[in-house]
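# Structure assessment
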Amino acid sequence: MRRVLDVARQGWGATHPNPMVGALIVEDGRVMAEGSHAHDGGPHAERLALLALGRKPRPGATLYVTMEPCCTPGRTGACTDAVIAAGIKQVVVGATDPNPEHAGRGFDVLRAAGIEVATGVLERECTDLNLIFNHWIVQGTPLVAAKSAVTLDGRIACRSGDSKWITGEEARADVMRWRRLFPSIAVGAGTVMTDNPRLTARIEGEKEWCPIRFVFDGLLRSVADRAMPSVYTDEFHERTIVVTTPHGGMGYVRKLKELGVQVWTLPSATQRVPLTEFRKRCTQEKITGVYFEGGAQLVSQILQDRQLDYLFVYRAPVLLADDRAKPVLSGLRSEKLANAVRLAEVRHEVFGEDILTRGRVSYPAQMFIDETTFSLG
């Protein structure tokens, strides 16, 4: 199953809105064929493994697959039909498909055909592989995630603003890996004006890849300067979307559109972009996940609005011990631990001297906003 997980990851970032799935066929203890779902609308992993085998599986062959085989026809035919027709008598599965149309029905179909089915093998790892798909197919909205690199005392920059680099090269390389997974990445206007980031996935040995790039700018401050951020002018500028409000000014909107940059003007009574409206628009556009990289004000606002689903925090063995250094998150009034936001389904990974803690955001029944905090978002 660990091998088939590696096979599934061959589709990393390329299968949206479908899940990553890997399959392999074992005969007499040897892996004879493998298959990985490559892209939406393409053949599923089970069918590709059977095709790669090029013949009928031998008696006693076992199919290993990271996710429950689908049992509905769809565009490529039910995988349960292909498994049954191949004559395979044993199937080992990692995770149950959360799609309500499947959700265990595939197991029932296989067992009814006389196939022995073992489930839950490395289930946690197989489920974690598709955290974006799982949220999308169950909730019907994009997975909104955020990433921060922090010191041990939870700071993202010195009082001077110096922040490069808090974490080491290995942690930063892992960020690129997650950028490649998510179909879109988002930052605030302050980040593009201060850091001028490319917001692309740059992985050694691979071609630079650009997700959809969202810039949250309720007043279109980033367009007012004569020096335009590179995300508005580089070779990927047509994949940049500025998310703004009616308070931004039509002249700036026209300027962006003339550059070939897309603009989403969302209804808002204030200069802040409403996260609920942003979610709705992403759902309409079938954007299954958004990876927010800052800044701190924007991510704090997402948390305050209970719109943050998942959090990645890279912690470096660094202490600033300065109460004027910039905190990663703010704006809540958590006077009791019962009112604290927590992470569930937590995973820890080590990258050099840094530690990544990530998990699903779990909100308390009561969450209080610090009314003295003001953020443009």
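Nothing here was measured: the structure is a model prediction, and the numbers come from that model.

## Considering the sheet that holds strand β5 (residues 116–118)
Taken together, the five strands give an open sheet; going across it, the order is β2-β1-β3-β4-β5, and neighbouring strands pair in mixed fashion. Since the sheet does not close on itself, it has two edges, and those belong to β2 (30–36) and β5, each with one partner. Averaged over all pairs of adjacent strands, the angle between their axes in this sheet comes to 20°, without regard to strand direction. Note: strand β3 (residues 62–67) against strand β4 (residues 90–95), five bridges, orientation parallel. Bridge pairing in β4 places M67 opposite A95.

## Quick notes on the layout of surface pockets
Taken as a whole, the largest pocket spans an internal volume of roughly 1200 Å³. Mapped by element, the contributors of at least two residues to the lining of the largest pocket are β6 (143–150), β7 (155–157), α7 (169–181), β8 (184–188), α8 (189–194) and α12 (296–304). The element that contributes the greatest number of residues to the lining of the largest pocket is α7, accounting for seven residues. The class makeup of the residues in the lining of the largest pocket is 19 nonpolar, twelve polar and eleven charged. Looking at the second largest pocket, its volume works out to about 540 Å³. Along the wall of the second largest pocket there are 27 residues; nearest its centre are N18, P19, H44, N99 and H102. Per-element accounting of the lining of the second largest pocket gives the leading share, three residues, to helix α6 (residues 131–139). Split into classes, the residues belonging to the lining of the second largest pocket amount to twelve nonpolar, ten polar and five charged.

Definitions and cut-offs
- Sequence order as written defines residue numbering, which begins from 1 separately in each chain.
- In keeping with the predicted nature of the model, local features appear solely for residues at pLDDT of at least 70, side-chain atom pairs appear and are counted solely at 80 or more, and the whole-chain, interface and lining totals rest on all residues.
- Side-chain measures here rest on the full set of heavy atoms in the structure, leaving out hydrogens and waters.
- Strand pairing follows a simple DSSP-based rule, namely that at least 2 bridges must link the two strands.
- By definition, any uninterrupted DSSP run of H or I lasting at least four residues is a helix, any uninterrupted run of E lasting at least two residues is a strand, and each is numbered from the N terminus.
- Interaxial angle, 0 to 180 degrees, is taken between N-to-C directions of lines fitted to C-alpha atoms, where a helix line uses only the stretch in contact.
- With a 1 Å grid laid over protein atoms only, a set of points is called a cavity when a 1.4 Å probe fits there but cannot get out and a pocket when it is open yet has protein on both sides within 12 Å along at least five of seven lines; lining residues have an atom within 4 Å of a point.
- Grid points are joined across faces, edges and corners, and a volume is the space filled by probe spheres set on the points.
- Side-chain classes follow a simple rule in which Ala, Val, Leu, Ile, Met, Phe, Trp, Tyr, Cys and Pro form the nonpolar group, Asp, Glu, Lys and Arg form the charged group, and the remainder, Gly included, forms the polar group.

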